[in-house]
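# Structural description and commentary
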Amino acid sequence: MDRDVSRVLITREQIAQRVRTLGAEISTVYADSSRGLTILPVLSGAIIFLADLIRELPLKMKIAVVHLSSYRGTATDPGEMRVIHGVSGDIRDRDVLIVDDILDTGNTLRRVHGLVRGAGPASMRTAVLLRKPSKAPADLAVDFVGFDVEDQFVVGYGLDYDDHYRNYPDIAVLRPELLK
Ligand code: XMP
């Protein structure tokens, strides 16, 4: 995989360090929650972030999932949004923390927010590992952000291109000639 990457943007050590501090921030917010916390990763990109983040949260929690797809084939341009699987489990009257890999155009999170609101949670917050501030819509609120990144296609640490590179341990920029 190394040869497919033009540069590493965020190293695994930097990710681990930030996930620890994010975990501390999130734990403080939910420390007094008596309603029950449900963590809701957006599949599939959030899987690795989820696995690391929840181990930094010394809180009693349930995990539900929601699965959306917005990219067609190998294209990096957002295509038609598909809800592959709606919110699993009952989140009514629970504190819900949505966990996603990246806030880019915001289309995915907007859809997820709608699905979650429709299920009647007690509260809804969102944590994203990455955000592209130049593209993220100002009206789309996220509560916890790992890193702001430039507007370029990144892979690794759960983020894919054509379903590859999710297992790349750093966050990296793919060689432009590989993007179709
Ligand atoms: P939107 O545009 O809806 O994007 O905010 C959210 C979802 O699209 C995927 N995405 C990316 N995946 N590198 C990736 O590997 C990127 O730079 C990128 N930008 C968006 C991702 O699945 C995210 O949840």
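Residues numbered from 1 in each chain as written. Predicted model: local features only at pLDDT ≥ 70, side-chain atom pairs only at ≥ 80, totals over all residues. Heavy atoms only, no water.

### A word on the pattern of salt bridges
- Summed over all chains, the structure comprises 13 salt bridges.
- Salt-bridge contacts for Asp104 lead to Lys135; the nearest nitrogen and oxygen are separated by 2.7 Å. Taken together, the positions of Asp104 in the loop between strand E6 (95-103) and helix H3 (107-118) and Lys135 in the loop between strand E7 (123-131) and strand E8 (144-148) put the pair 31 residues apart, joining distant regions of the chain.
- We note a salt bridge from Asp151 to Lys135, for which the minimum N-O separation is 3.7 Å. Separated by 16 residues along the polypeptide, Asp151 in the loop between E8 and strand E9 (154-155) and Lys135 in the loop between E7 and E8 bring together distant segments of the chain. (Salt bridge = Lys/Arg side-chain N within 4 Å of Asp/Glu carboxyl O. Helix = DSSP H or I, 4+ residues; strand = E, 2+ residues; numbered from the N terminus.)

### Overview of H3
- With 12 residues, H3 extends 17 Å between its outermost C-alpha atoms, agreeing within 8% with the 16 Å of an ideal straight helix rising 1.5 Å per residue.
- Buried within H3 are the following residues: Thr108, Leu109, Val112, His113 and Val116. Projected down its long axis, H3 carries its buried residues within an arc of 130°, all on one side. Looking at H3, the residues exposed on the side facing more than 90 degrees away from the buried face are Arg117 and Gly118.
- Gly120 sits one or two residues past H3 and shows a positive phi near 70°. (Expected span 1.5 Å × (residues − 1). Buried < 20%, exposed > 50% of the residue type's maximum accessible area, 1.4 Å probe, protein only. Arc of directions from axis to C-beta.)

### Digging into the sheet that holds strand E1 (residues 5-10)
- On the basis of which strands lie adjacent, the open sheet formed by three strands has the order E1-E10-E9 and antiparallel pairing. For this open sheet the edge positions go to E1 and E9, each flanked by a neighbour on one side alone. (Pairing = 2+ DSSP bridges.)

### Notes on the site of the ligand
- Taken together, 17 residues are adjacent to the ligand, and Asp101, Thr105, Thr108, Val154 and Asp160 come closest.
- A distance of 2.7 Å separates a nitrogen atom of the ligand from a polar side-chain atom of Asp104.
- At a separation of 3.4 Å, an oxygen atom of the ligand approaches a polar backbone atom of Asn107.
- Of all the secondary structure elements, the ones that give two or more residues to the shell around the ligand are strand E4 (66-71), E6 and H3.
- In terms of residue count, E6 provides more of the shell around the ligand than any other element does, four residues in total.
- Of the residues that constitute the shell around the ligand, the class distribution is six nonpolar, six polar and five charged. (Near = heavy atom within 4 Å. Polar contact = N/O pair within 3.5 Å; in protein donor to acceptor, adjacent residues only side chain to side chain. Nonpolar A, V, L, I, M, F, W, Y, C, P; charged D, E, K, R; others polar.)

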